[in-house]
Amino acid sequence: MALSAQTPAPAERPDDETPISTWRIGVDVDLATSLALSRAAARALLELSPLADREMVAALHHEIEVLEHQSDPLSLAAANAVRQYLPEAA
């Protein structure tokens, strides 16, 4: 599921008491937190096993395929961004 800070989904829209800028800040904080946790988990996995780098590359290739299959602009952009991390994971 793709999230966009530009237009909240109907079920995710803030109520009348919450300014839209506060909602956007919350989404940005959630995204930054998720990315930091993902990077930390990836580093930990790579330290645990000598085979982790091979598995990490395979998992990244799988994610790229899934994103490309969805073929919407956001998914394609994400696939290209993930592809850029392949050399670092290898």
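Structure: above.
Within every chain, residues take consecutive numbers counted from 1 along the sequence as written. For a predicted model such as this one, the threshold for reporting local features is a pLDDT of at least 70, and the threshold for listing and counting side-chain atom pairs is 80 or more; totals across whole chains, interfaces and linings nevertheless cover every residue. Working from all heavy atoms in the structure, the side-chain values ignore hydrogens and water.

**Structural notes on the nonpolar core**
Point 1. By convention a nonpolar core is built from buried Ala, Val, Leu, Ile, Met, Phe, Trp, Tyr and Cys residues, the set being connected through side-chain atoms within 4.5 Å. Between buried and exposed lies partly exposed: a residue is buried under 20% and exposed over 50% of the maximum accessible area for its type, with that area taken using a 1.4 Å probe on protein chains only. Formed by Met 56, Val 57, Leu 60, Ile 64, Leu 67, Ala 79, Val 82 and Leu 86, the largest nonpolar core amounts to 8 residues.
Point 2. Looking at this core, the elements with two or more residues in it are helix 2 (52–70) and helix 3 (73–84).
Point 3. When residues in this core are grouped by element, the largest group, 5 residues, is from helix 2.
Point 4. It only takes one pair of heavy atoms within 4.5 Å for two residues to be counted as in contact. Residues in contact with Val 82, not counting those within four places in the same chain, are Leu 60, Ile 64 and Leu 67. Counting from the N terminus, the helices are DSSP H or I runs at least four residues long and the strands are E runs at least two residues long.

**A word on the environment of Leu 76**
Point 1. For Leu 76, the location among the structural elements is in helix 3.
Point 2. Expressed as a C-alpha distance, the spacing of Leu 76 and Val 66, which sit 10 residues apart in the sequence, is 9.8 Å.
Point 3. Excluding anything up to four places from it in sequence, Leu 76 contacts Leu 67, Glu 68 and Ser 71.

**With respect to the pattern of salt bridges**
Point 1. Should a side-chain nitrogen of Lys or Arg be within 4 Å of a carboxyl oxygen of Asp or Glu, the pair is scored as a salt bridge. Tallied over the entire structure, the rule returns 2 salt bridges.
Point 2. Among the ionic pairs, Arg 54 bridges to Glu 55, the shortest N-O distance being 3.8 Å.
Point 3. On the basis of relative accessibility, which here comes to 52%, the residue Arg 54 falls in the exposed class.
Point 4. Two residues, Arg 83 and Glu 68, come together in a salt bridge whose shortest N-O distance is 2.4 Å. Pair noted here: Arg 83 is in helix 3 and Glu 68 is in helix 2, with a separation of 15 residues, a long-range link.
Point 5. Accessibility expressed as a relative area gives 35% for Glu 68, which makes it partly exposed.

**Regarding helix 2**
Point 1. Between the first and last C-alpha of helix 2 there are 27 Å, a value that for 19 residues agrees with the 27 Å anticipated at 1.5 Å per step.
Point 2. By the burial criterion, the buried members of helix 2 are Ala 52, Met 56, Val 57, Leu 60, Ile 64 and Leu 67. Each buried residue of helix 2 lies within a common arc of 135° when the element is viewed along its axis, so the set occupies one face. Along helix 2, the residues that are exposed and aim more than 90 degrees away from the buried face are Arg 54, Glu 65 and His 69.
Point 3. Following helix 2 by one or two positions, Ser 71 has its phi on the positive side, about 55°. The length a helix should cover is 1.5 Å for every residue beyond the first. By arc we mean the arc of the directions from the helix axis to the C-beta atoms, nothing more.

**Quick notes on unusual backbone geometry**
Point 1. Despite not being glycine, Ser 71 shows a phi value in the positive range, around 55°.
Point 2. Relative to the elements of secondary structure, Ser 71 occurs in the loop between helix 2 and helix 3.

**Points about the packing of helix 2 against helix 3**
Point 1. Working convention: axes come from line fits to C-alpha atoms, limited for helices to the stretch in contact. Angles between N-to-C directions cover 0 to 180 degrees. Here helix 2 crosses helix 3 at 160°, and the two axes come no closer than 8 Å. Judged on the interaxial angle alone, helix 3 and helix 2 are roughly antiparallel. Crossing handedness for the pair helix 2 and helix 3: left-handed. Note on element contacts: helix 3 touches helix 2 through Ser 75, Leu 76, Ala 78, Ala 79, Val 82 and Arg 83, opposite Leu 60, Ile 64, Leu 67, Glu 68 and Gln 70.
Point 2. Each residue is assigned to one of three groups, with Ala, Val, Leu, Ile, Met, Phe, Trp, Tyr, Cys and Pro labelled nonpolar, Asp, Glu, Lys and Arg labelled charged, and all others, Gly among them, labelled polar. Taken together, the residues of the contact of helix 2 with helix 3 sort by class into 7 nonpolar, 2 polar and 2 charged. Throughout this description, any angle smaller than 35 degrees is read as roughly parallel, any larger than 145 degrees as roughly antiparallel, any in the 65 to 115 degree range as roughly perpendicular, and the remainder as oblique. Should the near helix be turned anticlockwise from the far one by less than a right angle, the crossing is termed left-handed; should it be turned clockwise, right-handed.

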